[in-house]
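Results of the structural survey
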Amino acid sequence: MLRRISLAVLTAAMAAAPELMAQEGQTPAPTTGGGTTTPAPSVPGGTTGGNTGTGGNTGRLPTIPSNTGNNPSTSPFPSDMPRPIYISGRVMMEDGTPPPESLLIERVCSGQPKPEGYTDSKGRFSFELGRNQMVMADASSSGGGFDSERGGSNSRTPGMPGSGGISERSLASCEIRAVLVGYRSTSVMLAGRRMLDNPEIGTLLLKRMANVEGFTYSATTGLAPKEAKKAYDKGLDFVKKKKPVEAFKEFEKATSAYPKFSAAWYELGQIQQSQSKMEDAKKSFELSIAADSKFVKPYLPLLGMALQKGNWEEIAEISAKTVKLNPYEYPQAFFYNALANLNLKNLDEAEKSALSAQKLDERGRMPRIRYVLGIVQAQKSDFKAASANLKAYIASPGATDLETVKKQLGEIEKLMGEQQETATATEPAVVEPKP
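Residues numbered from 1 in each chain as written. Predicted model: local features only at pLDDT ≥ 70, side-chain atom pairs only at ≥ 80, totals over all residues. Heavy atoms only, no water.

Section: the overall build of the protein
- On a plain count of helices and strands, the protein comes out with 14 helices and eight strands.
- The buried share among the 435 residues of the protein stands at 47%.
- Sequence-distant contacts in the protein: of pairs separated by 6 or more residues, those separated by 24 or more amount to 68%.
- Carbon and sulfur atoms provide 53% of the accessible area of the protein, an area that totals close to 20700 Å². (Helix = DSSP H or I, 4+ residues; strand = E, 2+ residues; numbered from the N terminus. Buried < 20%, exposed > 50% of the residue type's maximum accessible area, 1.4 Å probe, protein only. Contact = heavy atoms within 4.5 Å. Areas by Shrake-Rupley, 256 points an atom, 1.4 Å probe, with all protein chains shown as cover.)

Comments concerning helix α7 (residues 278-291)
- Its 14 residues give α7 an end-to-end C-alpha distance of 20 Å, which sits within 8% of 20 Å, the value for a rise of 1.5 Å per residue.
- Considered for burial, the residues of α7 that qualify are Met278, Ala281, Lys282, Ser284, Phe285, Ser288 and Ile289. On an axial view of α7, the arc spanned by its buried residues comes to 165 degrees, and they lie on one face. Summarising the geometry of α7, the exposed residues directed more than 90 degrees from the buried face are Glu279, Lys283 and Ala290.
- Elements in contact with the buried residues of α7: α6 (262-274), α8 (299-309) and α9 (312-325). (Expected span 1.5 Å × (residues − 1). Arc of directions from axis to C-beta.)

Observations regarding the nonpolar core
- Tyr232, Phe251, Phe261, Ile315, Phe335, Tyr371 and Val372 are the most contacted members of the largest nonpolar core, which totals 64 residues.
- What phenylalanine 261 contacts, discounting residues up to four positions off in sequence, is Thr220, Thr221, Ala224, Ala228, Lys229, Tyr232, Ala254 and Thr255.
- Counting residues in hydrophobic clusters, the runner-up holds 22 residues, among them Tyr183, Val188, Leu204 and Leu206. (Core = buried A, V, L, I, M, F, W, Y, C linked by side-chain atoms within 4.5 Å.)

Side note on the sheet that holds strand β2 (residues 104-109)
- One open sheet accounts for four strands, arranged β3-β2-β5-β7; its pairing is antiparallel. The sheet terminates laterally at β3 (112-118) and β7 (187-189), the two strands that pair on one side only. Taken over all neighbouring pairs, the strand axes of this sheet differ in orientation by 25 degrees on average, direction set aside. (Pairing = 2+ DSSP bridges. Axes fitted to C-alpha atoms, helices over the stretch in contact; angles between N-to-C directions.)

With respect to the state of the cysteines
- Within the structure shown, the criterion is met by one disulfide.
- Across the disulfide from cysteine 109 sits cysteine 174; the S-S distance is 1.9 Å. Taking the torsion about the sulfur-sulfur bond, which here is approximately 110 degrees, the covalent link between cysteine 109 and cysteine 174 counts as right-handed. Remark: cysteine 174 occurs in strand β5 (residues 174-179) and cysteine 109 occurs in strand β2; sequence separation between them is 65 residues.
- Residue cysteine 174 is classed as buried on the basis of its relative accessible area of 0%. (Disulfide = S-S within 2.5 Å.)

So, the confidence of the model for the protein
- Mean pLDDT over the protein: 76, with 70% of residues reaching 70 or higher.
- Across residues 10-18, where pLDDT falls below 50, the model places 26 contacts with residues more than four positions away in sequence or in other chains. (pLDDT = per-residue confidence, 0-100.)

Topic: the packing of aromatic side chains
- This structure, assessed with the given rule, holds eight aromatic pairs.
- For the pair tyrosine 266 and phenylalanine 285, a centre-to-centre distance of 5.9 Å together with 45 degrees between the ring planes defines the contact as tilted. Placement of the pair is tyrosine 266 in helix α6 and phenylalanine 285 in helix α7, with a sequence separation of 19 residues. Comparing tyrosine 266 with phenylalanine 285, the two get one shared label, buried.
- Measuring from centroid to centroid gives 5.8 Å for tyrosine 266 and phenylalanine 295, while their planes differ by 80 degrees, and the two rings are edge-to-face. (Phe/Tyr/Trp six-rings, centres within 6.5 Å; stacked < 30°, edge-to-face > 60°.)

Now the structure itself:
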């Protein structure tokens, strides 16, 4: 029975590879012609309805009613009427310098993040709240694949009319913060903000988190000579304009002028991967890591490539490096580390990583974690915990392949019953004391 359970998990990584890449803004590694990769069957927790996220959206939580003192029956501008509300400000690092790259600014309402816009190269931002059609949905990373809308500020000039808008009431439980992996941002509350208020909200400060070795930007960018930096910036402009051929040429110029330009190698790999030039892309990502081993971004597409091949040793190695660089931001890397170690029969490491993934996945967007954790615990003969996790997985909205999982659960509960009977039979008899 346990062997059948482990084999059911073997295919989970290939089916879930697009999920990981989608979360981090990466382009999933496609299967190239002539390769030996076989499409993986659907597995529990797989994507549903064409959504490549991790178990689907949790939905926006109800906002807390605003206590602004407005009376809808008498106020000429009721607080629940949509209207254009603008904000502007800047982001700075702890040392007073601007961020090393363009950053995502997000609005968080009742714990639910929503991307709003980006900073410019000097850390400034300005946009109309709610007008985020051109901002990528992934708030976990300020970078992304070639098809992402990245880099430039999605700004609108304050005072210009705009359709739609956002209501003052809906901002009662909202705050604005910046996003940079490995850092915590201060935030500014939006409660009480009105249409004609001064849009300036001040400065958001980024503080480095403890025990984080990796960065989502490369230190080599600041060391690049002027010629290489100019070509790199031009390449990023072409990325925004969705011109991969022109972007590729500029990134090639940047790496030729400065072979240790880690970020430029990463961008080259992104374009090559989007064009299914997988071997070239792999080489570019490896050169990016060789130039700056603490630059986190190239590890993620390499992990996706290893997943496509089902190379568990490589998956375990790359995912371990990723979580070592940043143990706070990548529950999916912990998940794949658990899956790899399960299939390598390193059960203690698998359980440890699965528990870490579960802890980081605060909103439960990756229900498959509970499934893999349950399988690991079944392999360790902890049938009670395994049963609880499989039941939790079955009850989750993103669960799939329920018939298979229910069959596995039945086998686990049967073994749990046998285990309890054995324990009862071996208990020493209680001897009553003589009066």
